Amino acid sequence: PKMASAPTGEGYRFHHLCGRRAKISNRSRTAERTQSRGEFNNAVVITSQPLRDHEALQVKIDSKVPTWTGSVLIGATSTPPGNFTFPPSISGLASAWVCNGECVWRNGEKILNSYGHQRLAFLSEGDTVGIVRRGSCLHFLVNGKDLGVAEMHLPFGRVYGIIDIYGQCTKVTIVEPPAGPSDAQVAGLASASVSAVGDMPRFHRRCGNLVEVGEDGRTALRKNCLGEFNHGVVLTDRVLRPSELFEVEIVKMVDKWAGSIEIGVTTHSPEDLDFPSTMTNLHTGTWIMSGTGVMHNGDTIKENYGRSLDTLKKGERVGVMRKDNGNLLFFINGRELGVAAMDLPREVYAVVDLYGQCAEVRIMQAETSGGNAGSYRQENVVAGHQVSGVDSPLRFHEVSGENAEISTDGLSASRMQPYDEFTRATVFTHRPLRANEWFQVRVGVFIDCWSGSVQLGVCKVSPSELSFDDFEEISDVESTWVLSGTELFHGGSQIESDYPLDLDEIPMESKIAVMVTSSGDLHFALDGVDMGSAAKDIPSGVYGVVDVYGQCAQVALVPFDDNTEAGHVTMTPPTRPVASRAAVTPDIIPTSEGVAPPPVVEASTASPSEHGFHPRCGRNIQLTESSCVATRLNSYKDGVVFSARPLRDGKVFKVELSKLNVTWKGVLRIGLTTCDPASFSVVPSLCTGLPPHTWIVSGSSVLADGRVVAENYGMSLSRLQAGDTVGVLRSHSGAMQVCVNDQDLGPAVYGVPENVHAVLDLYGTAHCVKVVSDSRTPTEQSSDKPETMDVSSSERGAVTFALSCGQNIKLSEDRKSAERVKSYSKGIVVSDVPLPNDRLFQVEIKRIEPKWSGSVMLGVTSLPPSQACLPDKASALAGESIVLCAHNDTTSVFIAGQEKLQSPGSISLLSLKAGHTIGILCRLESLHFFVNGSHVVRLTQRIPERRYAVVDLYGQCCKVELKPLVPLNDKLSQLLTSEVVQLREVDAPRNLEPTQPKQHTVREKANSSVPPKGIPYQLTSRAVANGPVTSLAGVSKSSKDLTPQQAKQLWAASKHAKPLQKNGQLLGCPYQQLCQNFIKSLLLPEPYFVPEYHKCYCERCAANRNAPAVNYAGEPPRKYALPLGWAKFAVHVGPQAGILEVFRKWHVAYHGTAVARVRKILDCGELMFPGDMTLHSSEVSQPEGHYTEKCKPRDFDVHQVFVSPSIKYCTGGEVYAKSYGYTDPVTNEMYRAKVAFKLRIQPDSYTVSPQTVLTADGTQVDENFSNSELEWSTKRRKVIILYGLLVKLEPIAIAEHR
């Protein structure tokens, strides 16, 4: 339904419903905040009338007080006044658009930065702020000045103005907006300004410096076109009429330059314009199509809009039109390219820039009609429902789903209120498809609050004969064949599950198409590429159908024969990339013959012998900086690059992700291939399309020749941020390994042959990468280093620590000392040069931190530090590496990351103190380890040829300092013959890493009979009356044999425990360690967690901290319960948490879930909605015991995420948090495990509802909350930040007793 306009002359008024501190007066035109010196908020007001098209709502600031900070905020909401819940402030309000003068928020999320140039807080009394709706666009105003488009996709329904009388602002009054001319008046003005030469527009005589306009005003020529490439701007002599097509034909071209004609519209009159050298340098009132993109005031607003104007030839035509609804359209050879911009001003002149290759154009003469030759042709774009001829161009049918909105020209379709509705927006072609005719649409707008996306197919039934009330998704309709994701449905039944086109994963601006061949085969295409047959025996006469579903909110019809890819930049002058041309004029170089063109920008011609990228790469790739930087110029694909030469075994090829483009979806992909890049004439658009013997890591999956061979490989590459590094290598054992931020993720696949190139795919968000691995081979690196170093005991500094080191390491300025500044791991340092033979390398321990267990590790590696992927612990070093460590009272040698040798009894590494030394001496065929000058270990097998020293400041060891190298002398020679620790081979390696340190929080008090609070404990023989026990879990009989009473006594016995000690030191909480063992059993990647912030909430730990049962968080503060009885494992959060001040402003809640969903949630960083897929390919459904689609109250939406401020509510029973059986590998005891997530949720983004599970008789679920406030729900994914994984374990006997 169309919005009703208010009676003529009636202005906006405030509604009588308002915030509790707001007062309405002056016949509803004035609003003020009462008690303004004691209250700064709760004064939100809303208009009675919805915003009317092109009629501004403006308010004047009547008074301000200096007591507060902040000031008036203005916005719009789709919620009518009667249903509007007035918040304390509109910042963060759902279903609203809010502006503070500098930034714009939608639904609480910032969508525009640097929108305006003045914060509303700086306005004075008498200044005005305003808002105006123009079609589907929303603009904000300050003192009558339009700040520009703030939102381009307002919902079709009514939108109301909202004012927040906040902070310093205490009173505002509505001012009447000035009336603007109607389209009819503009048309009259246009007619009045027609020049005397005829009805059609002509070129104005006042134009660019080098333009010569023909006598009839229809032609324009750039003079000296072989010596100049710009200064060719020319405008029409009058404004364009609504829906008037202005079209020119290219008459003359020159091939000396790159770039070509540019066309558009401008609000500037040719009489007043100071003509620039090129229109893309004009920064006000101008919309220009240049190349493949559209620019507004010098900034690119659409990329890959259509065929590149740089490819046009002599005789081809290009046109522009402003529709009567304010939309801007461009045409090539009479074919419309779709909406380029919206809400243009009424009075615009057409503008042509005779740039680069284009030297002359002519305004198109009207076609002869009825003998009236020479009459100007007015273009008539016919809506789809007005054309029914079998040969007419495809349009959308006027009959569509109830939430679908068809444009007046029938070429685009959108879903109304896309943030509130996700379905019932099906559209059809206006006529049946002909045989072999492609029906193609461009996917225009994506929103991220839903799952699923656009669906495409064909339907045998005419749209006018369908009953839209009988279905929600078109795939459920009989006589339809519809592709949804990768699945093809016919009449609601799945007939294909793995079609090679996934509509749920295509990025914005993709072009998808469907066709039925003359033989009845159904084909789909992506960006002009036929993806093959999907079904057979399709009848003729079917209609094309699109379901604008889920994340997809808008589509536009585009011709299938216009799939020319943008992005292959002609590297001849003047080069003008669309995205970076604003306010940049090509340099002019004087020569003896006059003015020369700008210098030629040539593609890199680096030979394969040089380090970096191979010159053969994807067509959208530009290589710079000696082929060490690769940038994807256009689109989301065609970004495949290769290493310049095959990788040597053990050498990592590492790049830094320099820049992201969040316009697209998808992530960087990396791997190895046996393909020779030079063999490609055209590099495949995706790395998954490379020939056989290619291995790729994509996200957290491993692919071999395009097939997934392993999942959950490691940290998902989708978490990479700008500045992160990622590398790949082939190990000496033939395994492909990937490292992220120098953290080795381990072997991905085995059996990789030699002579492989690294391959990267700059796909989706990956925009630019830079090679950061060392450009030299190990041999080259050491060519300038002495092979043997003649260093006496008095000489210092011959060996230092390399700059490439562990994440938690801080090096001194001279790099002779290293300190671990936090945590207990990620403290590896490596020598900057290989160790010479017969020289003792030593480090002195300078500081010990007794709160950790474990200690220093020492070894060697063959990889230079710049090429090594440093893991968290040295024992996990891959490649040719040897590391000595001690754990569990044993001495172990790890070779290539696996425990190979072992001896009972420690060599005292665990008891080293400050001032002690450890060292290593390399001989030609042996390695020798020293502790405090004593020879302790000799190794003679698998010794690498080149040996860089490795020191791991692990556990207790926090700081070391290099000692001078000691040459082999008589004393050392004698020590080398002494007895050493005897090592034996390990039959089956137990752990690849030493035991993780435990943090000791409190020292035992001497001579104290009462254990201090919070000290870990062991049970005494008096702890349980029914028999002696030796530990909390290690009872004299298994838990399943205990009676419920005995189990209860055992679990409560910790109240009478005494501190558990080892070597005179207290150990960590046994309950937290038990939960840590459970976390390890889930094989979750360590980089997901932040150990420094782990916290235990067991009864004893909570009592030690005097933890209350409830706490408050957020703005405004809201109550939440502490997770007593649980252990929290802190989860990494992204940088957005700091930007949004999440831990200060957002509320705390919990979400119970099943153990099987934990990994997928951590991989995605988001909670799972109903309909999402788990890692085991099962669909998340509404939990049993909760409302479902078949059993729910009326109007209740089950497609939401439910959280609660009560941990009891979201984990009680088996509705949200499912129980999971777990047997501890240390004690073999059986437990019942539950998991939940601790999270922050944005205020005003969720709905508070009564409880729906656990109790039906009104019994209070949690004593800290009323049942009416237990369930919070939201449809939005981005308003939740996860920051803790909670685990609760109960012995089976206790759980069954409860």
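Residues numbered from 1 in each chain as written. Predicted model: local features only at pLDDT ≥ 70, side-chain atom pairs only at ≥ 80, totals over all residues. Heavy atoms only, no water.

K.L.:
Please give an account of the sheet that holds strand 43 (residues 621-624) that cites residues and values.
P.N.:
The antiparallel open sheet is built from seven strands, whose spatial order is 43-44-55-46-51-52-53. Unpaired on one side and paired on the other, strand 43 and strand 53 (743-749) mark the two borders of the sheet. On average, adjacent strands in this sheet sit at an angle of 25° to one another, irrespective of strand direction. As defined by bridge partners, strand 46 (residues 653-660) adjoins strand 51 (residues 725-730) across four bridges and the pair is classed as antiparallel. Within the sheet, the bridge partner assigned to Glu 656 lies in strand 51 and is Thr 725. (Pairing = 2+ DSSP bridges. Helix = DSSP H or I, 4+ residues; strand = E, 2+ residues; numbered from the N terminus. Axes fitted to C-alpha atoms, helices over the stretch in contact; angles between N-to-C directions.)

K.L.:
So what's going on with the sheet that holds strand 80 (residues 1201-1203)? Which residues, and what values?
P.N.:
The strands making up a sheet are joined through hydrogen bonds of the backbone, oriented either antiparallel or parallel. The three strands are arranged 80-84-83 in an open sheet whose pairing can be described as antiparallel. Strands with a single pairing partner mark the edges of an open sheet, and in this sheet they are strand 80 and strand 83 (1247-1249). Sheet twist, expressed as the mean angle between neighbouring strand axes with direction ignored, is 30°. The pairing of strand 83 with strand 84 (residues 1271-1274) spans three bridges and is classified as antiparallel. For Val 1248, the partnering residue across the bridge sits in strand 84 and is Trp 1272.

K.L.:
Tell me about the pairing of strand 7 (residues 96-99), residues and numbers included.
P.N.:
The alternating pattern of strand 7 places Ala 96 and Val 98 on one face and Trp 97 and Cys 99 on the opposite face, and all of these are buried. In the sheet, strand 6 (residues 73-77) pairs with strand 7 via four bridges, with the strands oriented antiparallel. Note on strand 7: the bridge partner recorded for Gly 75 is Val 98. Note: strand 7 against strand 8 (residues 104-106), three bridges, orientation antiparallel. Counterpart to Cys 99 in the pairing with strand 8 is Val 104. Where strand 7 hands over to strand 8, the hairpin turn is made up of four residues, of which Gly 101 adopts a positive phi near 100°. (Buried < 20%, exposed > 50% of the residue type's maximum accessible area, 1.4 Å probe, protein only.)

K.L.:
Please give an account of helix 5 (residues 1070-1081) that cites residues and values.
P.N.:
Along its 12 residues, helix 5 runs 17 Å from first to last C-alpha, staying within 8% of the 16 Å computed at 1.5 Å per residue. Among all positions of helix 5, only Tyr 1071, Leu 1074, Cys 1075, Gln 1076, Asn 1077, Phe 1078 and Ile 1079 are buried. Note on helix 5: the residue one or two positions beyond its end, Leu 1083, has a positive phi of about 60°. (Expected span 1.5 Å × (residues − 1).)

K.L.:
Mind laying out the environment of Leu 1167, listing which residues take part and the relevant values?
P.N.:
Take Leu 1167: it is sitting in the loop between helix 9 (1158-1164) and strand 80. Taking the relative accessible area as the measure of exposure, Leu 1167 reaches 4% and is therefore buried. Counting along the chain gives 115 residues from Leu 1167 to Leu 1282, while the straight-line C-alpha distance between them is 8.3 Å.

K.L.:
If you had to explain the packing of aromatic side chains to someone new, which residues and values would you point to?
P.N.:
For the coordinates displayed, the defined rule picks out 19 aromatic pairs. Between the aromatic rings of Phe 203 and Phe 246, the centroid separation amounts to 6.2 Å while the plane-to-plane angle is 80°, which identifies the pairing as edge-to-face. Of this pair, Phe 203 sits in the loop between helix 1 (183-192) and strand 15 (211-213) while Phe 246 sits in strand 18 (residues 244-253), and the two are 43 residues apart along the sequence. Residue class for Phe 246 comes out buried when judged on its relative accessible area of 0%. Ring geometry for Tyr 305 versus Phe 330: centroids 6.0 Å apart, planes at 75°, classification edge-to-face. Taken together, the residues span a long stretch of sequence, with Tyr 305 in the loop between strand 22 (299-302) and strand 23 (317-322) and Phe 330 in strand 24 (residues 328-332) at a distance of 25 residues. Exposure remark for Tyr 305: the relative accessible area of 2% places this residue in the buried category. Pairwise contacts between aromatic rings join Phe 40, Trp 68 and Tyr 166 into one cluster. Sitting over the face of the ring of Tyr 12, Arg 52 holds its NZ or CZ atom 4.5 Å from the ring centroid. One cation-aromatic arrangement involves Arg 669 over Tyr 763; the distance from NZ or CZ to the ring centre is 4.1 Å. (Phe/Tyr/Trp six-rings, centres within 6.5 Å; stacked < 30°, edge-to-face > 60°. Lys NZ or Arg CZ within 6 Å of the ring centre and 35° of its normal.)

Interpretation in functional terms is not warranted from these geometric data alone.
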